[in-house]
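Coordinates in review
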Amino acid sequence: MACTPEQAREAYAPLIGELVWDAARKRVGEVMDHRWSLYRLRPPGGGVEWHAVPESIRSLNGSGK
């Protein structure tokens, strides 16, 4: 059975250290942590971290949504 776009988005859970696209901020981030339904991202190579909601996170390699 096929899943809805919303279910597919929920199913994607990046790993710590993975590079992802934050659609809300329109920038690439490295996953540093995941707590309380938020991801902590930082620029690749270091910098100021920010929070991102799971709905805005996309895979850079095409395996997630």
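Described in the following lines is the structure provided in the data block. (Residues numbered from 1 in each chain as written. Predicted model: local features only at pLDDT ≥ 70, side-chain atom pairs only at ≥ 80, totals over all residues. Heavy atoms only, no water.)

Below, the discussion takes up the overall build of the protein. When you go through the protein residue by residue, the secondary structure sums to one helix and five strands. Secondary structure of the protein in N-to-C order comes out as α-β-β-β-β-β. Residues classed as buried in the protein amount to 28% of the 65 residues present. Taking as baseline every contact in the protein between residues at least 6 positions apart, the subset at least 24 positions apart corresponds to 30%. (Helix = DSSP H or I, 4+ residues; strand = E, 2+ residues; numbered from the N terminus. Buried < 20%, exposed > 50% of the residue type's maximum accessible area, 1.4 Å probe, protein only. Contact = heavy atoms within 4.5 Å.)

The next point concerns the pattern of salt bridges. All chains considered together, the criterion is met by three salt bridges. The salt bridge partner of Glu 30 is Arg 42, with a shortest N-O separation of 3.5 Å. Here Glu 30, found in strand 2 (residues 27-35), pairs with Arg 42, found in strand 3 (residues 38-42); they are 12 residues apart in sequence, far enough to count as distant. With its nearest N and O atoms 2.7 Å apart, the salt bridge here joins Glu 49 to Arg 40. (Salt bridge = Lys/Arg side-chain N within 4 Å of Asp/Glu carboxyl O.)

Before going further, it helps to spend a moment on the sheet that holds strand 4 (residues 50-52). Across the sheet, five strands lie side by side as 4-3-2-1-5; this open sheet has antiparallel pairing. Looking at strand neighbours, the two that pair on one side only are strand 4 and strand 5 (57-59), the edges of this open sheet. Going across the sheet, the axis of each strand differs from the next one's by a mean of 50°, ignoring polarity. Two elements, strand 1 (residues 19-22) and strand 2, share four bridges in a ladder whose sense is antiparallel. Each residue of the ladder has a partner; that of Asp 22, found in strand 2, is Arg 27. (Pairing = 2+ DSSP bridges. Axes fitted to C-alpha atoms, helices over the stretch in contact; angles between N-to-C directions.)

In this structure, Tyr 12, Val 20, Val 31, Tyr 39, Leu 41, Trp 50, Ala 52 and Ile 57 together form the largest nonpolar core, which totals eight residues. Looking at this core, the elements that each hand over two or more residues are strand 3 and strand 4. What Trp 50 contacts, discounting residues up to four positions off in sequence, is Asp 22, Arg 25, Arg 27, Val 28, Gly 29, Tyr 39, Arg 40, Leu 41, Arg 42 and Pro 43. (Core = buried A, V, L, I, M, F, W, Y, C linked by side-chain atoms within 4.5 Å.)

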